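Structural overview
This is what each chain is made of:
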Amino acid sequence: MNRKISIVGVPCDYGQQRRGVDMGPSAIRYAGLQQRLVNLGFEVEDEGNIQVIERNAIDQKDEKLLNLDEVIKVNTALAEKVYEVVKKDHTPLVLGGDHSIAIGTLAGLSMKYKNMGVIWFDAHADLNTPETTPSGNIHGMPLATSIGLGHKRLTSILHGEPKIKAENIIIIGGRSIDEGERELIKTRGIKIYTMHEIDRLGMTHVMEETVNYFKQNQIDGMHLSLDLDALDPLYTPGVGTPVAGGITYRESHLAMEMIQESGLLTSAEFVEVNPILDERNKTADVAVALIGSLFGETLV
Ligand SMILES: NC(=[NH2+])NCCC[C@H](N)C(=O)O
Ligand SMILES: [Mn+2]
Ligand SMILES: [Mn+2]
């Protein structure tokens, strides 16, 4: 990982229907992100926010994929930005916004990494397609999109190839998986550690297996996409789609520390922080604490 980090904010809430997640980047910055990274010895460049058109100005069209045009616009701009960041060899740290922004992040990263491993830390699998989505919300589709499944205009952002390989995905924390997603997990052989495996094996074992698996696959980069709803809502109440029975604060820190220890990490994104639903910025505080561990903070 390069010691120069580029922060990119994406104040996008078009991938789902609750307002407020567009304020995520601001809340995470406010929680002390930059100083935290500087204290760890990183050179930090805040690239500012991707421009997102004000939601009030858009009338909701009656469409199957909600706000498709806006999601495409944001993700195209983000993909180009992330590509710029990796071209100058900086480590991208992307702040959401809802999880639809992973479409742009992964597209940008795919320009540099051809065999990238992706850790999808999430209560959900985000593997829906226009055919299987129960909601029409594009934040439920970024993983499917990135392996080349879904609306052509989404899968062809930046280039027409799949952005990542299904066998290079590991979902951690899953506990709300839709029928169509289950099918894809089976047919595509996508690796997933649900809460069942986390309870049964323990987070240490899950992370050891994750790191070993990626080493076996000879990945050329590793991206962490962390949806704050992976944690139990007890710790991160400020999310739009909370699911009970999640990862604990301690387990999530351990996972971050073990990713850091692996030395494989090359980029990260933290998404779904919704300050309107939060309690005194608790969820953004957790995001920044996790980023601290991910980038090398230790207890002593
Ligand atoms: N990134 C998220 N929080 N995604 C939640 C997705 C929920 C549900 N599976 C859907 O497709 O609508
Ligand atoms: Mn989620
Ligand atoms: Mn998600």
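I will try to describe carefully the structure that is included in this document. (Residues numbered from 1 in each chain as written. Chains lettered and ligands numbered in written order. Predicted model: local features only at pLDDT ≥ 70, side-chain atom pairs only at ≥ 80, totals over all residues. Heavy atoms only, no water.)

This part covers the coordination of the manganese ion (ligand 3). Ligation of the manganese ion (ligand 3) by protein atoms is provided by H99 (ND1), D122 (OD), D126 (OD) and D227 (OD), these donors lying 2.0 to 2.2 Å from the ion. The sequence motif formed by the donor residues of the manganese ion (ligand 3) is H-x22-D-x3-D-x100-D. (Donors = N, O, S within 2.8 Å, 3.2 Å for Na, K, Ca; no water.)

The biggest cluster of nonpolar side chains holds 50 residues, and the ones touching the most others in it are L37, L93, F121, I172, L224 and F270. Among the elements that line this core, the one with the most residues is helix α11 (residues 282-294), at seven residues. Ignoring anything within four residues of it in the chain, the contact list for F270 reads I28, L93, V94, L95, G96, L224, L226, L228, A287, L290, I291 and L294. Core analysis: the next-biggest nonpolar cluster, separate from the first, contains 45 residues, I50, L106, M141 and I171 among them. (Core = buried A, V, L, I, M, F, W, Y, C linked by side-chain atoms within 4.5 Å. Buried < 20%, exposed > 50% of the residue type's maximum accessible area, 1.4 Å probe, protein only. Helix = DSSP H or I, 4+ residues; strand = E, 2+ residues; numbered from the N terminus. Contact = heavy atoms within 4.5 Å.)

Distances from the manganese ion (ligand 2) to its protein donors, namely D122 (OD), H124 (ND1), D227 (OD), D229 (OD) and D229 (OD), fall within the range 2.1 to 2.4 Å. Coordination of the manganese ion (ligand 2) draws on donor residues from a single chain, spaced D-x1-H-x102-D-x1-D in sequence. Between the manganese ion (ligand 2) and the manganese ion (ligand 3), both coordinated by D122, there is a metal-metal distance of 3.2 Å. Here H124 is found in the loop between β4 (117-121) and α5 (142-146), whereas its partner D229 is found in the loop between β7 (222-227) and α10 (249-262), with 105 residues between them in sequence. Each member of the pair, H124 as well as D229, carries the same accessibility label: buried.

In the neighbourhood of ligand 1, 13 residues make up the surrounding shell, with D126, N128, S135, D178 and T241 lying closest. N128 has a polar side-chain atom sitting 2.9 Å from an oxygen atom of ligand 1. The protein chains hide 93% of the 350 Å² of surface that ligand 1 would expose on its own. (Near = heavy atom within 4 Å. Polar contact = N/O pair within 3.5 Å; in protein donor to acceptor, adjacent residues only side chain to side chain. Areas by Shrake-Rupley, 256 points an atom, 1.4 Å probe, with all protein chains shown as cover.)

What follows concerns helix α4 (residues 102-110). Residues three or four positions apart in an α-helix share a direction because the helix packs 3.6 residues into each turn. Where burial is concerned, most of α4 is hidden: nine out of the nine residues are buried. All buried positions along α4 are accounted for by A102, I103, G104, T105, L106, A107, G108, L109 and S110.

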